[in-house]
Every structure is written in structure tokens, then in C-alpha cells.
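Structural characterization, general
Next come the chains, spelled out residue by residue.
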Amino acid sequence: MADNPIVAQPAPYKVDVTEGKTYFWCACGKSKAQPFCDGSHKDTGLSPVKYTADADKAVFFCGCKATGKIPVCDGSHSKL
Ligand code: FES
Ligand code: FES
């Protein structure tokens, strides 16, 4: 069974993404390279979530790992 994710930080991470580039959002909260996966999910039963940027823009990736709109922040961190 998968572990519950841990809160990396109770706020989003703002990242300037590049159009066409693929990113792997950390779903488990254990990565030291937040908001992205560094392989630390090994043994958690959780997996990173792929995100491909559709434009050059700023994206607010969820840091609390409780968002309902994976992988971006939907404001759920304010209810933790
Ligand atoms: Fe968290 Fe990979 S380190 S999903
Ligand atoms: Fe997770 Fe905002 S940081 S919902």
C-alpha cells in the first residue's frame, strides 16, 4: 500500500517553465529538489507526476502535496 505524501512546504513553489519541456513533480514530498522528483519516492509506493509545459510561463507547483489539481496548487494548503 502507498504511504501518504508528506508536506514538503505548506505553500506552492513558483517555477518558470519552458514551453515543450517535461517536468516530474514530486508527489511524495520527500524530494530534496522540490517541487520536482529526485528519486526519493523509492519505497513509498508513490510516483512522480509528469507535466509538460504548454508555454513559457510561471507555474505554481503544489508543495503541500494535498492539491486536488495535481501537480499545481489549488489553494488546499490553506486548509491543512
Ligand atoms: Fe517524490 Fe519522486 S521524490 S515523487
Ligand atoms: Fe498544495 Fe497549494 S501548495 S495546494
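Structure first, text after, so check above.
Cut-off values and rules
- Residues numbered from 1 in each chain as written.
- Chains lettered and ligands numbered in written order.
- Predicted model: local features only at pLDDT ≥ 70, side-chain atom pairs only at ≥ 80, totals over all residues.
- Heavy atoms only, no water.
- Helix = DSSP H or I, 4+ residues; strand = E, 2+ residues; numbered from the N terminus.
- Rg over C-alpha atoms; globule rule 2.2 N^0.38 Å.
- Contact = heavy atoms within 4.5 Å.
- Areas by Shrake-Rupley, 256 points an atom, 1.4 Å probe, with all protein chains shown as cover.
- Buried < 20%, exposed > 50% of the residue type's maximum accessible area, 1.4 Å probe, protein only.
- Core = buried A, V, L, I, M, F, W, Y, C linked by side-chain atoms within 4.5 Å.
- Polar contact = N/O pair within 3.5 Å; in protein donor to acceptor, adjacent residues only side chain to side chain.
- Salt bridge = Lys/Arg side-chain N within 4 Å of Asp/Glu carboxyl O.

This part covers the overall build of the protein. For the protein, the count of helices and strands is zero helices and four strands. Listed by position from the N terminus, the elements making up the protein come as β-β-β-β. In terms of overall dimensions, the protein is globule-like: its C-alpha atoms have a radius of gyration of 12 Å, near the 12 Å expected for 80 residues. Each principal axis of the C-alpha atoms in the protein carries an extent, and together these give about 35 × 25 × 20 Å. For the protein, restricting intrachain contacts to residue pairs at least 6 apart in sequence, the fraction spanning at least 24 positions comes to 59%. Counting every atom, the protein has about 4800 Å² of accessible surface; 52% of that belongs to carbon and sulfur.

Right, let's talk about the environment of Thr18 for a bit. Mapped onto the secondary structure, Thr18 falls in the loop between strand 1 (13–17) and strand 2 (22–25). According to the relative accessible area criterion, Thr18 is partly exposed, its value standing at 40%. Along the primary structure Thr18 and Asp38 are separated by 20 residues, whereas in three dimensions their C-alpha atoms are 19 Å apart. Contacts of Thr18, omitting those with residues within four sequence positions, involve Tyr23, Ala53, Ala55 and Asp56.

Val15, Val17, Tyr23, Trp25, Ala27, Phe36, Tyr51, Ala53, Val59, Phe61, Cys62 and Cys64 together form the largest nonpolar core, which totals twelve residues. Looking at this core, the elements with two or more residues in it are strand 1, strand 2 and strand 4 (57–61).

Let us look at the side chain of Thr67. Within the fold, Thr67 resides in the segment after strand 4. Given a relative accessible area of 8%, Thr67 falls into the buried group. Among the polar contacts made by the side chain of Thr67, one reaches the main-chain amide nitrogen of Lys69 at a distance of 2.9 Å. From its side chain, Thr67 meets the backbone oxygen of Val72 in a polar contact 2.7 Å long. Contacts of Thr67, omitting those with residues within four sequence positions, involve Cys62, Val72, Cys73, Asp74 and Ser76.

Throughout the structure, instances matching the rule amount to two salt bridges. A salt bridge links Asp43 to Lys42, with the nearest nitrogen and oxygen atoms 3.8 Å apart. There is no split in this pair, since Asp43 and Lys42 are both exposed. Measuring nitrogen to oxygen at the nearest pair gives 2.9 Å for the salt bridge that ties Lys57 to Asp54. On the basis of relative accessibility, which here comes to 34%, the residue Lys57 falls in the partly exposed class.

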